[in-house]
Amino acid sequence: MAEHPDTPDFAPLDSLLHEERVFRPLPETLAAALVSPARLRQAREQAEADPLAFWEEAAEELDWFGRWDQVLDDASPPFYRWFPGGRCNIVYNALDRHIQTAAKNRLALIWEGEPGDCRTLTYYELFRHVNRFANALKSLGVRKGDRVVLYMPSLPETVIAMLAVAKIGAVHSLVFAGYSAKALKDRIDDARAVCVITVDGFYRNGRVLQLKQVLDDALLLGGHAPETVVVCHRAHVDVEMQDGRDYWYEELVRAERPQCPCEVMDSNDMLFVLYTSGATGKPKGIVHTHGGYMVGVSRTFRWVFDINPTDIYWCTADLGWITGHSYAVYGPLMAGATTVLYEGHPLYPQADRLWSTIARYGVTILYTVPTLIRMLMRFGKELPRKHDLSTLRLLGSVGEPLNPEAWVWLHKHIGRQQCPLLDTWWQTETGMIMVSPLPASLLKPGSVTRPLPGIVADVVDAAGAPVPPDKGGLLVIKTPWPAMLAGIYNDPDRYVEEYWSVIPGAYLTGDVARKDEDGYLWMQGRADDVLVIAGHRIGAAELESGLVSHKAVAEAAVVGVPDAIRGEVAKAFVILAEGYEPASALIKELKAHLKRELGPVAVLGAMEFPASLPKTRSGKIVRRILKARERGEEVGDVTGVEE
Ligand code: WT7
């Protein structure tokens, strides 16, 4: 049974308390919106009266090889199965079906490398690349259901590989290219990957990161050994190739035919596994399937981003995160839209890279993260003014709370006070956007507004009872939704425990929210020991075990502390081993150690060396006490805690 998350009196952030501004959509926005206010009202009513009919209609907008027996099989909760019996393949909807329409010659992808090189692919070109690589994977012996790890940055080949793997019915698992050898090894092991796809190297912040080398290091750590490794050329650096195991991508695809049919999948067959952090233990492989995921992502992408065929849509998220999966690849491609991908660092070679990129391609829709906006705000409003941003018509944000100050800056200086600014709330687990305005919605800076039609979310106390307006509580989802996770890879018990046991019958998001008098939701951060640093999730437990793996550390406790740019950073309380003294060289060494162990996501701010850590009688560290002290909040109930 999972532990109850701490439920103190969730104090809303100061700036959120006093936020009362309201932004109404412009008449021309309302007139042009794909989902008008009237349509939205009707959708809400329909979804409330008959949620299954609502989602069935969304499913009918896509192509299937065979119709489902039922919309939702809820016979054994929480193992819900969407569209059971349905035969489909998400890649058919993302690629094959467009080849028979006017979308065939439209740009599917505009890619820009960090040094400034650019590649574009039409739907037809992408289709042929995917087919070639799909055939190559088959030649290498990859079969339906096999897991293939993609350790790649945002490149055209990454999209090609995702789609090729899915097309033949295998399961992709992307590992963010910033992750360390150790983190990569853990994921290859857990997924028991038969094949790993990577690149020689790539560009990040003016340097070449040698990715194949990191993979070699990971494989030397032992554990599960993949049968084959595919390496794409990107930075043209020397790499070691192991005979019989390692193959060059370009050599593999050269001989393959550009035709390959989609494997016919059942709706509930696995599409991908994506690892994310939980409050306890090791990262968990979140499983998504073909049918429900494609319905949920397709519907939300079209409705939220109001997409039309002339849009140039740019989601700045790395493909290694769920945002990249759902809203840089599958969502836009299923809609037949043009999606922009960028390889490198958003501030390279200068802080106006984002703005110059928008101007260069005439980006109309920008979907990005609050940390980046807060970083760019520091450079002032003059920087974006140097570029023509007049093509922008819609702005989106995701990953962490977008504070009202950043909201208003983005809306005013980038959106000309004309572009709707949509703060979208969702998670790796939800697969699709759950709480968000649509372009025609009334906006309040700092609020994610209301659940989308078909989503039943609520704010409850620790006993599951709804809390009154303006009081903080746990955000839960009360009914299943199509793109929901199918489970945790190879760990059904953990799925039940972590998500469905704390508030019986409801999905626990792990977030704290407050609902105002209008039913608008205001996100307040995590309720559990998960940190969200610059929009990237990492567990306190992972950071702690990373620290303890250093010989100088006897014990460690990590909590999140507020940070003006990154939203939150980690602060560590460390008890040193015998013979070690706190010193700045040691602090530096520990921070570097953590980055080596976990990758650049592990950003450690301050470090403190207390005489002891607050613990329960059974020896568990009580992080909540450290956290409350750091934030100057009430510590709450401390019975059972020994210092
Ligand atoms: C956690 C999920 C799915 C997008 C990328 C992150 C936080 C996400 C918002 C938002 C406030 C947000 C939550 C959530 N989060 N979007 N709009 N406002 N917080 O996916 O890595 O699975 O992280 O990110 O804490 O639980 P993820």
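- Looking at an unreviewed UniProt entry, the chain carries the name Acetate--CoA ligase, with the source organism given as Megalodesulfovibrio gigas.

Things to note about the overall build of the chain
Moving on, step 1. Of regular secondary structure, the chain possesses 20 helices and 32 strands.
Moving on, step 2. Projected onto its principal axes, the C-alpha positions of the chain cover 70 × 60 × 60 Å.
Moving on, step 3. Taking all 643 residues of the chain together, the buried fraction comes to 60%.
Moving on, step 4. Residue pairs in contact within the chain that sit at least 24 positions apart in sequence constitute 71% of those at least 6 positions apart.

Things to note about the packing of helix H3 (residues 37-49) against helix H4 (residues 51-60)
Moving on, step 1. Across the interface, H3 lies against H4 with an axial gap of 5 Å and an inter-helix angle of 120 degrees. What the angle tells us is that H3 and H4 run oblique. Seen from H3, the contacting residues are Arg39, Ala43, Gln46, Ala47, Glu48 and Ala49; seen from H4, they are Pro51, Ala53, Phe54 and Glu57.
Moving on, step 2. In terms of residue class, the contact of H3 with H4 is made up of six nonpolar, one polar and three charged.

Considerations on the pairing of strand S11 (residues 228-232)
Moving on, step 1. Among the five residues that make up S11, five are buried, leaving the element largely enclosed by the rest of the structure.
Moving on, step 2. Of the two faces of S11, the one holding Thr228, Val230 and Cys232 and the one holding Val229 and Val231 are both buried throughout.
Moving on, step 3. Relative to S11, strand S8 (residues 195-199) runs parallel, the two being bridged by five bridges. Pairing of valine 199 across the sheet is with cysteine 232, part of S11.

Some words on the domain arrangement of the chain
Moving on, step 1. Assigned domains of the chain: these are domain 1 (127-270) and domain 2 (534-642).
Moving on, step 2. Centre-to-centre, using C-alpha coordinates, domain 1 lies 35 Å away from domain 2.
Moving on, step 3. Between domain 1 and domain 2, the contact holds six residues from the first and seven residues from the second.
Moving on, step 4. Roughly 450 Å² of surface becomes buried between domain 1 and domain 2 when both sides are summed, with 57% attributable to carbon and sulfur atoms.

A closer look at the packing of aromatic side chains
Moving on, step 1. On inspection of all chains with the given rule, the structure shows 30 aromatic pairs.
Moving on, step 2. Pairing tyrosine 499 with tyrosine 507 gives two aromatic rings, centres 5.4 Å apart and planes at 10 degrees, and the pair type is stacked.
Moving on, step 3. Given a relative accessible area of 4%, tyrosine 499 falls into the buried group.
Moving on, step 4. Here the aromatic residues Phe79, Tyr80, Trp481, Tyr495, Tyr499, Trp500 and Tyr507 are joined through ring pairs into a cluster of three or more.
Moving on, step 5. Its guanidinium or amino end placed over the ring of phenylalanine 54, arginine 299 lies 5.1 Å from that ring's centre, counting from NZ or CZ.
Moving on, step 6. The ring of tyrosine 520 has lysine 444 sitting right over it, with the charged end atom 4.7 Å from the ring centre.

A word on the UniProt feature "domain: AMP-dependent synthetase/ligase" (unreviewed entry) in the chain
Moving on, step 1. Within this structure's numbering, the places UniProt gives as "domain: AMP-dependent synthetase/ligase" (unreviewed entry) are residues 102-481.
Moving on, step 2. In this annotation, residues 102-481 is assigned 31% helix and 22% strand; the end-to-end C-alpha distance for the span is 32 Å.

As for the site of the ligand
Moving on, step 1. What surrounds the ligand is a group of 18 residues, the closest being Asp423, Thr424, Thr428, Arg526 and Arg537.
Moving on, step 2. Note that a nitrogen atom of the ligand is positioned 3.1 Å from one of the backbone N or O atoms of glycine 399.
Moving on, step 3. In this structure, threonine 428 approaches the ligand through a side-chain N or O atom, which is 2.5 Å from an oxygen atom.
Moving on, step 4. Relative to its free-state accessible area of 550 Å², the ligand is covered by the protein chains to the extent of 95%.
Moving on, step 5. Secondary-structure elements contributing two or more residues to the shell around the ligand are helix H12 (322-334) and strand S25 (521-526).
Moving on, step 6. Residue composition of the shell around the ligand, by class: eight nonpolar, five polar and five charged.

What about the pattern of salt bridges?
Moving on, step 1. Scanning the model with the defined rule gives 41 salt bridges in all.
Moving on, step 2. The salt bridge partner of lysine 282 is aspartate 190, with a shortest N-O separation of 3.1 Å. In this pair, lysine 282 is assigned in the loop between strand S14 (270-276) and strand S15 (284-289) and aspartate 190 in helix H8 (residues 181-191), connecting sequence segments 92 residues apart.
Moving on, step 3. By relative accessible area, lysine 282 is classed as exposed at 54%.
Moving on, step 4. The exposure class of aspartate 190 is buried, given its relative accessible area of 19%.
Moving on, step 5. Residues glutamate 382 and arginine 385 are paired through a salt bridge, measuring 3.5 Å at the closest nitrogen-oxygen approach. Of this pair, glutamate 382 and arginine 385 both sit in helix H15 (residues 382-385), separated by three residues, roughly a single helical turn.
Moving on, step 6. According to the relative accessible area criterion, glutamate 382 is partly exposed, its value standing at 45%.
Moving on, step 7. Classification of arginine 385 as exposed rests on a relative accessible area of 54%.
Moving on, step 8. One network of salt bridges, with partners in common, ties together Lys212, Asp216, Arg245 and Asp246.

Focus: H8
Moving on, step 1. H8 sits mainly inside the fold: eight of its 11 residues count as buried.
Moving on, step 2. For H8, the set of buried residues is Ala181, Ala183, Leu184, Lys185, Arg187, Ile188, Asp190 and Ala191.
Moving on, step 3. Elements that come into contact with the buried residues of H8 comprise strand S6 (147-151), S8, helix H9 (211-220), S14 and helix H19 (584-598).
Moving on, step 4. Where H8 terminates, the next one or two residues include arginine 192, which has phi positive at roughly 45 degrees.

Overview of the confidence of the model for the chain
Moving on, step 1. Here the chain shows a mean pLDDT of 94. Residues at 70 or above account for 96%.
Moving on, step 2. Here helix H1 (residues 14-17) stands out as the least confident element of the chain, with mean pLDDT 48; helix H7 (residues 156-167) is the most confident, with 99.
Moving on, step 3. The low-confidence segment residues 1-15 (pLDDT under 50) makes 26 contacts with residues lying over four places distant or belonging to another chain.
Moving on, step 4. Note on the complex model: pTM 0.93, ipTM 0.99.

Conventions we followed
Residues numbered from 1 in each chain as written. Predicted model: local features only at pLDDT ≥ 70, side-chain atom pairs only at ≥ 80, totals over all residues. Heavy atoms only, no water. Helix = DSSP H or I, 4+ residues; strand = E, 2+ residues; numbered from the N terminus. Buried < 20%, exposed > 50% of the residue type's maximum accessible area, 1.4 Å probe, protein only. Contact = heavy atoms within 4.5 Å. Axes fitted to C-alpha atoms, helices over the stretch in contact; angles between N-to-C directions. Parallel < 35°, antiparallel > 145°, perpendicular 65-115°, else oblique. Nonpolar A, V, L, I, M, F, W, Y, C, P; charged D, E, K, R; others polar. Pairing = 2+ DSSP bridges. Domains from an automatic or database assignment. Buried area = accessible area lost by both parts, 1.4 Å probe. Phe/Tyr/Trp six-rings, centres within 6.5 Å; stacked < 30°, edge-to-face > 60°. Lys NZ or Arg CZ within 6 Å of the ring centre and 35° of its normal. UniProt positions renumbered as here; feature names shortened; annotations may be inferred. Near = heavy atom within 4 Å. Polar contact = N/O pair within 3.5 Å; in protein donor to acceptor, adjacent residues only side chain to side chain. Areas by Shrake-Rupley, 256 points an atom, 1.4 Å probe, with all protein chains shown as cover. Salt bridge = Lys/Arg side-chain N within 4 Å of Asp/Glu carboxyl O. pLDDT = per-residue confidence, 0-100.

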